[in-house]
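Listed below, chain by chain, are the residues.
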Amino acid sequence: MSTIIEINRLSIQFKGSEQKNLDELSFEVLKGEKFGVFGPNGAGKTTLISILCGLVVPDSGSVTYSIYQTQEKVNQVLGEIGYVPQEYAFYPELSPVQNLEYFGALYKIPKIERKERIAELLKVLGLQSVANKKINTFSGGMKRRVNLAIGIINNPKILFLDEPTVGVDVQSKMAIMHYLEGLNKQGTTIIYTSHHLKEAEEFCDRILLMDHGKMIALDRLQSLLIEHNEVDLESFFIKLTGSEYRD
Amino acid sequence: MNKLLATLKKEALVVLHDKVGLLLMYVMPIVLVFIITLVNDSSFRMVSGNEISILVVNDDQGDCGDSLIALLKNSGSFKLTVATKMSSAEMQQSLLDDNRLLAIRIPRNFSLQLNRKASGVTDLMLKEFGVKDSIVEQPKTVAQSLVLYYDPVLQENYRFSISNSIYSYLGALENGMIMQNLYAEMGYENVPEEIRTKLSSERVMISEVAASSSGKSPIPNATQHNVPAWSIFAMFFMVVSLGGNIVKERLNGTFVRLRTIPSSFSLVLYSKMLVYLLVAMSQLVTIGLIGMFIFPLIDLPKLELPSNVGAILVVALLSGMAAVSYAVTIGVFSKTQEQANGFGAISIIIFAAIGGIWVPSFAMPAYLQSIGQVSPLHWCLNGFYVLFLKGGAWKELQSTLIFLGLFIAGCQLLVYLKLKAQRYW
């Protein structure tokens, strides 16, 4: 697989922070892979994703995309990126259709294509029956699915997911993960963070483990487990990051 | 274009779904404009137009009490209920029980006092003219005053103006008696009718003209003040809806998501402002139409529109833009929705109070008038006063337009700097 994102010596230290939030971080994300970013609270996961999505500018280092050709900056590829934040980033007073119409229009998706895409997303994410109801009446699982639907309305080539299944029931979690699997099979590269290590274990092709803004491990899960003589991601995680609180 | 239309549609939908915001932006000011205009109008009529209900207890043993009652009756300003033999306590109870604001007691020796005063003045005049050599000394009497009882709710300025009216009638009565005495001293039984008529008919009248630059005589009344005043208040109260929306979208991640979309964030923000500017204009039109068509149906003065349509448009747009800019500033700088709603609403109430929305600025102490200059609502109201009450010349609007322009520019600059610091721009 070819490289789709190249991260080179990325560093940043926020105002008021005692240490670097990201410290000389370098790695590559391969085209079509499901890439998991893990670490305890404050490890720098959200900062990394924010930089990759163009929300934060690093103090030093670079991020290079290779979607159309090579050497693209993030602002040149925004149309090909999907972002699903941890928060419910939509208009809860509107319906799923109204939200998807709006975000779809911002991506300049033609009207007919937009309608088809919205119908498809509502169907596969089980939101057809509530398509025209106000979101603020929905359950947590339904809101998560709407949040995901908006993030992929543009059929992105790279999808960033920040805790996409937090606070949802098992059924919604299964629906979301199943859909993401399908999306990945169609060629979408997925960069994913989660605290559900069991879920990540089953989902991710490669895993980046971070702590204190630094990379402490990067490889396929099986390779990491064999290398560190561990049986699952959770024990591996605790071994490398320690068991003390990270509030 | 597609993005702009989609954003405008989305913003319009968000506004339409914000029921609390709609209540605060439309229903509250409409209710307020009705209540305050009715209250102001009835107060205005009470002192200037319609009859004030007064209970008169006449204890006078002569004719002057009746003459004063006749003068008050004929003035058309008072609706009199004349009674006799009521104690002071009964009169006060009557004010509390009946829907009456004033009562007058004419004292027992009212006629005697007036006669003595008139005779004294007449004697002095005749002595001055050399008709009389000496003045007959009037016997001393204990002066009894005319007593005015009032309901404590009656404002001081109304009481003062009613007292002044009664004084002027007393003056007329005294003058008549002096004239009568003069003629009597000269051997006439009565003042000739021709002179009486001349005295009462050819008085110098007071003609009231409100200053106006258009040459037309504007109509200062409760409607002309309250319709623009409460429209401005309504426009600025959008801070609760717009400011709150901005904080909500910032905190729930919608703004962040918008930044990951290849679309200008300024498009989103300016669309929001445009929709709320339309909301502000619709508030102005709604309250204006109420003033023009509903007020006359409930016996309130009709809103008279100024002739300078261009100036109305400019002042309305600048006022709306000032309200929108202030709301966006509050939304961008507030850390929580509660902060935006609380600070936004309270600041508008304070701006309204010092800006002359509730009580005209000229009625405030000088230092408060100076403080009021910082209120954008004051300048908006000033602009509408120039239009609705002073004829609406561009020259008089200059200071209003400059202040509002600077206020809008200042707010927009603050918003830009804050959002730039947060990398939205």
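Predicted model only: the values in this text are computed from it and were never measured.

1. What about the pattern of salt bridges?
If you walk through the whole model with that rule in mind, you get 16 salt bridges over all chains. With a closest N to O distance of 2.9 Å, lysine 34 of chain A and glutamate 181 of chain A form a salt bridge. Placement of the pair is lysine 34 of chain A in strand S3 (residues 34–38) and glutamate 181 of chain A in helix H5 (residues 170–185), with a sequence separation of 147 residues. One connected set of salt bridges, linked through shared partners, spans Lys10, Glu11, Glu249 and Lys272 of chain B.

2. What about the confidence of the model for chain B?
Residues and elements named next belong to chain B. Taken as a whole, chain B shows an average pLDDT of 86; of its residues, 92% reach a score of 70 or greater. Mean pLDDT values over the elements of chain B span from 74, in helix H7 (residues 193–201), up to 95, in helix H12 (residues 309–333). At the level of chain-chain contacts, confidence expressed as ipTM amounts to 0.88, with global pTM at 0.79.

3. Examining the pairing of strand S9 (residues 214–220) of chain A
By the bridge criterion, 6 bridges tie strand S8 (residues 206–211) of chain A to S9 of chain A in an arrangement that is antiparallel. Bridge assignment links leucine 208 of chain A to a residue of S9 of chain A, and that residue is leucine 218 of chain A.

4. Re the packing of aromatic side chains
Residues and elements named next belong to chain A. Scanning all chains against the criterion turns up 17 aromatic pairs over all chains. Aromatic side chains phenylalanine 38 and tyrosine 192 sit 6.4 Å apart centroid to centroid with 70° between the ring planes, which places their arrangement in the edge-to-face category. Linking phenylalanine 38 in strand S3 with tyrosine 192 in strand S7 (residues 189–193), this pair joins segments that are 154 residues apart in sequence. For the pair shown, phenylalanine 38 and tyrosine 192 are each scored as buried.

5. Looking at the sheet that holds S3 of chain A
Residue and element names in this part refer to chain A. The strand order across the open sheet built from 6 strands is S5-S6-S7-S3-S8-S9, with neighbouring strands paired in mixed fashion. Two strands bound the open sheet, and with one partner strand each, they are strand S5 (81–84) and S9. Adjacent strand axes in the sheet meet at a mean angle of 15° when their direction is disregarded. Seen against the sheet, helix H7 (residues 221–228) touches S8 and S9 and runs at an angle of roughly 110° to S9.

6. Overview of the interface of chain B and chain A
Listed per partner, the contact involves 26 residues of chain B and 30 residues of chain A. When chain B packs against chain A, the two sides together hide about 2,500 Å² of surface, and 63% of this comes from carbon and sulfur. Ranking the residues of chain B by area buried against chain A places His17, Arg257 and Thr260 of chain B at the top, with a combined share of 28%. Our count for the contact surface shared by chain B and chain A stands at 1 salt bridge. The partner of lysine 248 of chain B in a salt bridge is glutamate 93 of chain A, and the shortest N-O contact between them spans 3.0 Å. Joining chain B to chain A, the criterion identifies 9 residue pairs in polar contact (both at pLDDT 80 or more). No other element matches helix H1 (residues 2–17) of chain B, which puts 8 residues into the side of chain B that touches chain A. In the side of chain B that touches chain A, the residues fall into 9 nonpolar, 9 polar and 8 charged.

Thresholds applied
- Residues numbered from 1 in each chain as written.
- Chains lettered and ligands numbered in written order.
- Predicted model: local features only at pLDDT ≥ 70, side-chain atom pairs only at ≥ 80, totals over all residues.
- Heavy atoms only, no water.
- Salt bridge = Lys/Arg side-chain N within 4 Å of Asp/Glu carboxyl O.
- Helix = DSSP H or I, 4+ residues; strand = E, 2+ residues; numbered from the N terminus.
- pLDDT = per-residue confidence, 0-100.
- Pairing = 2+ DSSP bridges.
- Phe/Tyr/Trp six-rings, centres within 6.5 Å; stacked < 30°, edge-to-face > 60°.
- Buried < 20%, exposed > 50% of the residue type's maximum accessible area, 1.4 Å probe, protein only.
- Axes fitted to C-alpha atoms, helices over the stretch in contact; angles between N-to-C directions.
- Contact = heavy atoms within 4.5 Å.
- Buried area = accessible area lost by both parts, 1.4 Å probe.
- Polar contact = N/O pair within 3.5 Å; in protein donor to acceptor, adjacent residues only side chain to side chain.
- Nonpolar A, V, L, I, M, F, W, Y, C, P; charged D, E, K, R; others polar.

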